[in-house]
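Overview (structure and organization)
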Amino acid sequence: MYKMCFRKRWWSSVLFCSLFTFCEAQQKIDLLFVGDLMQHDSQIAAAKNNNSYNYDECFQYVKDEISAADVAIGNLEVTLGGKPYRGYPAFSAPDEYLQAIQRAGFDVLLTANNHCLDRGKKGLLRTLKQLDKCQLPHLGTYSD
């Protein structure tokens, strides 16, 4: 009934097959979509804690709602392109930001947006590597 193509991403097929199976069994599913998970210079500076970054406070008031969704999908509107960390116009957030996003309860991140190449191909590839390292499913941009 549903035909989907997820280029070489086995977990995408598993995720969406599981989603449809869940829907059939439950007759209802709660989806949460969030846009523009990003970091400007002031947000990066506020999260700095000596030589690391802590973003848990950023999600404290919405974490319960994000986690309550059956599937929480966010638009990662920033690269994880490494240092130097910067906001506009060439976004690159610390890796700790991704970890906080995951702890907040996001299940899938979308990466295709106008900032996915802010740090060029190298930044895009590093972003994908970090997402894979965290085993956080993502859709939109690919290494090939």
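Residues numbered from 1 in each chain as written. Predicted model: local features only at pLDDT ≥ 70, side-chain atom pairs only at ≥ 80, totals over all residues. Heavy atoms only, no water.

Focus on the overall build of the protein
Across its full length, the protein holds five helices and six strands. N-terminal to C-terminal, the α/β element order of the protein is α-β-α-β-β-α-β-α-β-α-β. A burial count over the protein gives 41% of its 144 residues as buried. For the protein, long-range pairs separated by at least 24 residues make up 75% of all intrachain contacts whose partners lie at least 6 apart in sequence. Accessible surface computed for the protein: about 8800 Å², of which carbon and sulfur atoms make up 52%. (Helix = DSSP H or I, 4+ residues; strand = E, 2+ residues; numbered from the N terminus. Buried < 20%, exposed > 50% of the residue type's maximum accessible area, 1.4 Å probe, protein only. Contact = heavy atoms within 4.5 Å. Areas by Shrake-Rupley, 256 points an atom, 1.4 Å probe, with all protein chains shown as cover.)

Looking at the pattern of salt bridges
For the structure on display, the rule yields three salt bridges. Across the salt bridge formed by Asp30 and Lys28, the nearest N and O atoms sit 3.4 Å from each other. Between Arg126 and Asp95 there is a salt bridge whose closest N-O contact spans 2.9 Å. Placement of the pair is Arg126 in helix H5 (residues 120–133) and Asp95 in helix H4 (residues 95–103), with a sequence separation of 31 residues. Overall, the relative accessible area of 26% leaves Arg126 in the partly exposed class. Since its relative accessible area comes to 16%, Asp95 is described here as buried. (Salt bridge = Lys/Arg side-chain N within 4 Å of Asp/Glu carboxyl O.)

A few points about the sheet that holds strand S4 (residues 71–76)
In spatial order, the strands read S1-S4-S5-S6; together these four strands make up an open sheet with parallel pairing. Only two strands of the sheet have a single partner each, and these edge strands are strand S1 (31–37) and strand S6 (138–139). Pairing between strand S5 (residues 108–110) and S6: two bridges, direction parallel. Bridge pairing in S6 places Leu109 opposite His138. (Pairing = 2+ DSSP bridges.)

Brief notes about H5
Taking 1.5 Å per residue, 14 residues should reach 20 Å; H5 reaches 20 Å between its end C-alpha atoms and fits that length. Among the residues of H5, Gly123, Leu124, Thr127, Leu128, Gln130 and Leu131 are the ones counted as buried. In a view along the axis of H5, the buried residues occupy a sector of 160°, so they form one face of it. Exposed side chains of H5 directed beyond 90 degrees from the buried face belong to Lys121, Lys122, Lys129 and Lys133. Along its buried surface, H5 packs onto S4, H4, S5 and S6. (Expected span 1.5 Å × (residues − 1). Arc of directions from axis to C-beta.)

In short, shape yes, function no, at least from these values alone.
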